[in-house]
Amino acid sequence: MSHKSKADSPLAVAVLISGRGSNLQAIIDARDSGRLNIDLRAVISNEPGARGLARAAQAGISNCVVDHHDYPQRVAFDEALVTCIDKIEPQLVVLAGFMRILGKAFVNHYAGRMINIHPSLLPAFSGLDTHRRALAAGVREHGASIHFVTPDLDGGPIIAQEKVPVYDGDTETQLAARVLEREHELLPAVIEGIARGRIRLEHGQVLVDERPVTL
Ligand code: GRF
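Residues numbered from 1 in each chain as written. Predicted model: local features only at pLDDT ≥ 70, side-chain atom pairs only at ≥ 80, totals over all residues. Heavy atoms only, no water.

A. Region of the structure containing the packing of helix 5 (residues 130–137) against helix 6 (residues 172–195). Look at helix 5 against helix 6: their axes get within 9 Å of each other, and the N-to-C directions meet at 115°. Judged by the twist between their axes, the crossing of helix 5 over helix 6 is right-handed. In this structure, helix 5 uses His131, Arg132, Ala134 and Leu135 to contact helix 6, whose residues at the interface are Glu172, Leu175, Ala176 and Val179. For the contact of helix 5 with helix 6, the class distribution of residues is five nonpolar, one polar and two charged. (Axes fitted to C-alpha atoms, helices over the stretch in contact; angles between N-to-C directions. Helix = DSSP H or I, 4+ residues; strand = E, 2+ residues; numbered from the N terminus. Left-handed = near helix turned anticlockwise from the far one by under 90°. Contact = heavy atoms within 4.5 Å. Nonpolar A, V, L, I, M, F, W, Y, C, P; charged D, E, K, R; others polar.)

If you want it as structure tokens, here you go:
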């Protein structure tokens with residue numbers, strides 16, 4: 001699906017968060033500086049106390065909270081989330097530190113128009129605690145990935161990756177900070193690529209400028 005339909009109309013985006021929201025901030029900053037042509041319509045959180053909600057408020061972006069504690073059934077939570085998201089009719093849904101696992105129906109509903117940022121060089125270290133596990137494994141290279149979301153957790157087609165070196169004696173905090181800095185560049189760049197119709201998913205394959213992505 002290509003988003004480059006109406007000439008230069010900004011891509012309608014919803015960002016889902018659960019916490020700090022530094023990637024959300026990177027998106028807001030890129031938008032404000034004119035590097036990113038998007039209409040950031042809403043920030044949606046499953047955590048009422050997420051710091052990212054304050055960032056959204058500060059930037060004048062409307063928000064919606066779907067507290068997962070209110071939904072003992074996963075399906076009901078997903079449905080409430082869909083209601084919240086679809087109200088603003090986004091062309092792209094960005095999972096930026098959204099820490100809930102989403103059901104198959106939810107994921108399929110946004111097929112080809114939902115991306116996730118993950119702090120590892122996928123397929124290595126999917127799941128949680130990526131930096132700790134990378135250090136424990138003794139890898140010399142680590143990083144971040146952005147992928148289209150499929151029902152396969154952290155397993156959807158990869159759009160882009162950024163690598164960072166791992167240094168002897170690195171702590172988890174140091175490594176996380178090094179990766180996060182790259183995330184803040186990578187995420188706005190990928191969203192811009194999608195907004196310009198340069199990045200898209202076709203038959204399960206990521207195309208960049210009509211060619212299969214090379215990582
Ligand atoms: C990032 O490391 C992201 O890759 C992961 O969760 C973290 C979110 O950080 N999915 P923030 O909330 O954007 O600061």
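B. Representation of the pairing of strand 1 (residues 11–17) within the structure. Summarising burial for strand 1: seven of the seven residues are buried, a large majority. Pairing of strand 1 with strand 2 (residues 38–45) involves seven bridges; the strand directions are parallel. Across the sheet, residue Ala14 finds its bridge partner in strand 2, namely Ala42. (Buried < 20%, exposed > 50% of the residue type's maximum accessible area, 1.4 Å probe, protein only. Pairing = 2+ DSSP bridges.)

C. Up close: the site of the ligand. With respect to spatial proximity, the complete set of residues near the ligand consists of Arg20, Gly21, Ser22, Asn23, Gly97, Ile117, His118, Pro119 and Glu183. A distance of 2.5 Å separates an oxygen atom of the ligand from a polar side-chain atom of Ser22. Within the contact set of the ligand, an oxygen atom lies 2.8 Å away from a side-chain nitrogen or oxygen of Glu183. With the chains in place, 87% of the 360 Å² that the ligand exposes on its own is no longer accessible. Those elements giving two or more residues to the shell around the ligand turn out to be helix 1 (22–32) and strand 5 (114–118). Split into classes, the residues belonging to the shell around the ligand amount to two nonpolar, five polar and two charged. (Near = heavy atom within 4 Å. Polar contact = N/O pair within 3.5 Å; in protein donor to acceptor, adjacent residues only side chain to side chain. Areas by Shrake-Rupley, 256 points an atom, 1.4 Å probe, with all protein chains shown as cover.)

D. Representation of the pattern of salt bridges within the structure. The final tally for this structure, using the stated rule, is ten salt bridges. Note that Arg31 and Asp32 form a salt bridge whose closest N and O atoms lie 3.0 Å from each other. Take Arg31: its relative accessible area is 22%, and that puts it in the partly exposed class. Note on Asp32: relative accessible area 54%, which makes it exposed. The partner of Glu192 in a salt bridge is Arg196, and the shortest N-O contact between them spans 2.5 Å. Through salt bridges with shared partners, a single network forms among Arg200, Glu202 and Glu210. (Salt bridge = Lys/Arg side-chain N within 4 Å of Asp/Glu carboxyl O.)

E. Spatial organisation of the nonpolar core. Among the nonpolar cores identified, the biggest contains 34 residues, and Val94 and Ile115 are the most heavily contacted of them. If one sorts the elements of this core by residue count, helix 6 sits on top with six residues. In this structure, Leu16, Ala42, Val66 and Phe106 belong to the second largest nonpolar core, which totals 21 residues. (Core = buried A, V, L, I, M, F, W, Y, C linked by side-chain atoms within 4.5 Å.)

None of this, on its own, says anything about what the molecule does.
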